[in-house]
Amino acid sequence: MSRLLHRTLHADPPLAVGGSGMWIRTADGRDILDGCGGAAVACLGQGNAAVRAAITAQLDAVAYVHTGLFTNAAAEELAELVLQDEPGGLSHAFFVSSGSEAMEAAIKLARQYFLEVGQPRRTRFIARRMSYHGNTLGALAAGGNPMRRAPYAPLLSDAFSHVSPAFAYRHKRDDEDEAQYVTRLATELEAEFQRLGPENVAAFCAETVVGATTGCVTAPEGYFRAVRDVCDRHGALLVLDEVMCGMGRTGTMHAWEQEGVVPDIQAVAKGLGGGYQPIGGILIGRKVIEALRAGSGGFMHGHTYQAHPVACAAAVAVQKVIRHNNLLENVRDMGARLASALTERLGNHRHVGDIRGRGLFWAVEIVRNRGDKAAFEPVLAMSQRVKEAAFRHGLAIYPMGGTIDGEHGDHILLAPPYITTATDIDAIASRLGDAVDEATAA
Ligand SMILES: Cc1ncc(COP(=O)(O)O)c(C=O)c1O
């Protein structure tokens, strides 16, 4: 019996004992191909020597200092590395230990910004249904997944309200084109601002590419420009959550680069440290920093482990490897190969409704019936079945149920490490294909 509270008390997961590059070894001697980087985290795979060396060197130098007393070279270097050319006017970073902490910081900073600029009434946040921003109470309140919210609903702040997701496969009507769909969504957002009173809204929060909740859903063309316009018109901030889709996962360092907009505050995490250490952060626009500088002079928020030296040293090494090995180009090339390999293997499968994504961030939506997009009954736990079948075929994938409304629908998320090769990609598509065949045939 394990004394660890696993994700379920009904079964213990396999014990991982080793790993190298794209492969994870289990205690019973199996080698599993990593098709998902855990939860889109392990962007360099396992065992990168440069990252390991950076972590030990940092431990030898300074293991920990408190940010109230000292700064540290690793955190300074990480901020410089990520923001040296001020991408989109983002000028400062605040590093924390997870994606949820990053979103908590983003929400609190947006609120504080409006106190600094003399608009204290702005206390409302608009986010989207079928989104995920983390599991701590503030981030969970921002998120729009009904199943995750339900048990804790009495504890969640009503400062957050939700508009429709931008999810064309499920919600674009047949009688509207993409531009009309975008207009409908922007009109709904505008109506929500009006309902709340635009002068009361602090920010609109969205994942640039939706991650686990609905599975690698990119927005329709022009959507983010339209929502940025609504925010600008009403003086609200745009907070983009790139915890999962950011730091190169979609083929550009920031997913917003492909949307023609810039956020005021951006949350990042998984790909920042690649899982070598727990780390997240917010990247902050100059406008927000200047308001703090002219006002109270600091962020009224903090954690014991913020800007942790070892976490930052690991992230610096990860980011250098990505740059030096030109891995974003590999993300784009291998992403294109993954898209076509998945389409070839599963594009006509009667239980595959949609294959979608960008870069090395792809999802396959599993349906009972391709024609009417009907989902399998939730009791079948189809995404879990595909996960188990994939494991039997030596492939790790990230399954998720509730794709449509938090309860119905299934998808499989793929997010291989950026170091992946054509051989790996072909194996991922072929093993996933076999797993989908097996799980849906049962
Ligand atoms: C978009 C998004 N935001 C926030 C989080 C929360 O991150 P963490 O699990 O590190 O707290 C996640 C995690 O999956 C995520 O995908």
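Above this text sits the structure in question.
Conventions and cut-offs
- Residues numbered from 1 in each chain as written.
- Predicted model: local features only at pLDDT ≥ 70, side-chain atom pairs only at ≥ 80, totals over all residues.
- Heavy atoms only, no water.
- Pairing = 2+ DSSP bridges.
- Helix = DSSP H or I, 4+ residues; strand = E, 2+ residues; numbered from the N terminus.
- Patch = residues over 30% accessible without salt bridge, like charges linked within 9 Å, V, L, I, M, F, W, Y side chains within 5 Å.
- Areas by Shrake-Rupley, 256 points an atom, 1.4 Å probe, with all protein chains shown as cover.
- Salt bridge = Lys/Arg side-chain N within 4 Å of Asp/Glu carboxyl O.
- Buried < 20%, exposed > 50% of the residue type's maximum accessible area, 1.4 Å probe, protein only.
- Phe/Tyr/Trp six-rings, centres within 6.5 Å; stacked < 30°, edge-to-face > 60°.
- Lys NZ or Arg CZ within 6 Å of the ring centre and 35° of its normal.
- Near = heavy atom within 4 Å.
- Polar contact = N/O pair within 3.5 Å; in protein donor to acceptor, adjacent residues only side chain to side chain.
- Nonpolar A, V, L, I, M, F, W, Y, C, P; charged D, E, K, R; others polar.
- Contact = heavy atoms within 4.5 Å.
- Axes fitted to C-alpha atoms, helices over the stretch in contact; angles between N-to-C directions.
- Expected span 1.5 Å × (residues − 1).

## A word on the pairing of strand E2 (residues 23-26)
Consideration 1: Bridge count for strand E1 (residues 16-20) against E2 is four bridges, and the pairing is antiparallel. Bridge pairing links Gly 19 to Ile 24 in E2.
Consideration 2: Pairing of E2 with strand E3 (residues 31-34) involves three bridges; the strand directions are antiparallel. Its bridge partner lying in E3, Arg 25 is registered against Asp 31.
Consideration 3: In textbook terms, the turn of a hairpin is the stretch between consecutive antiparallel strands, and for E2 and E3 this stretch comprises four residues, one of which, Gly 29, has a positive phi near 90°.

## Things to note about a nonpolar patch on the surface
Consideration 1: A contiguous nonpolar patch, built from Leu 137, Tyr 152 and Leu 155 and spanning about 310 Å² of accessible area, is present on the exposed surface.
Consideration 2: Here Leu 155 shows up in the loop between helix H6 (146-149) and strand E6 (160-163).
Consideration 3: Among the residues examined, Leu 155 registers a relative accessible area of 55% and is labelled exposed.

## Re the packing of aromatic side chains
Consideration 1: A full pass over the atoms with the stated rule returns five aromatic pairs.
Consideration 2: Look at Tyr 64 and Tyr 305: their rings are 6.1 Å apart centre to centre, the planes differ by 75°, and that puts the pair in the edge-to-face class. Taken together, the residues span a long stretch of sequence, with Tyr 64 in the loop between helix H2 (49-61) and helix H3 (73-83) and Tyr 305 in the loop between helix H11 (286-294) and helix H12 (309-324) at a distance of 241 residues.
Consideration 3: For Tyr 305, a relative accessible area of 51% translates into the label exposed.
Consideration 4: Between the aromatic rings of Phe 94 and Phe 299, the centroid separation amounts to 5.1 Å while the plane-to-plane angle is 70°, which identifies the pairing as edge-to-face. Of the two residues, Phe 94 is situated in strand E4 (residues 90-96) and Phe 299 in the loop between H11 and H12; the sequence distance between them amounts to 205 residues.
Consideration 5: Using a relative accessible area of 19% as the deciding quantity, one classes Phe 299 as buried.
Consideration 6: It is Lys 373 that lies over the ring of Tyr 169; its NZ or CZ is 4.3 Å from the centre.

## Some remarks on the site of the ligand
Consideration 1: Inspection of the region around the ligand gives Ser 98, Gly 99, Ser 100, Tyr 132, His 133, Gly 134, Glu 207, Asp 241, Val 243, Met 244 and Lys 270 as its neighbouring residues.
Consideration 2: In the environment of the ligand, an oxygen atom lies 2.8 Å from a nitrogen or oxygen atom belonging to the backbone of Gly 99.
Consideration 3: Summarising the interface, the protein chains cover 83% of the accessible area of the ligand, which totals 390 Å² for the free molecule.
Consideration 4: Residues that form the shell around the ligand fall into these classes: three nonpolar, five polar and three charged.

## Some details on the sheet that holds E1
Consideration 1: The sheet built from four strands is open, its strands ordered E1-E2-E3-E15 with mixed pairing. Of all strands in the sheet, those with a lone pairing partner are E1 and strand E15 (395-396), marking the two edges.
Consideration 2: Against the sheet, helix H15 (residues 422-441) touches E2, E3 and E15, its axis set at about 105° to E3.

## Side note on H12
Consideration 1: Taking 1.5 Å per residue, 16 residues should reach 22 Å; H12 reaches 22 Å between its end C-alpha atoms and fits that length.
Consideration 2: The buried fraction of H12 amounts to 13 of the 16 residues, a majority that puts the element mostly inside the structure.
Consideration 3: Following H12 by one or two positions, Asn 326 adopts a phi angle in the positive range, close to 50°.

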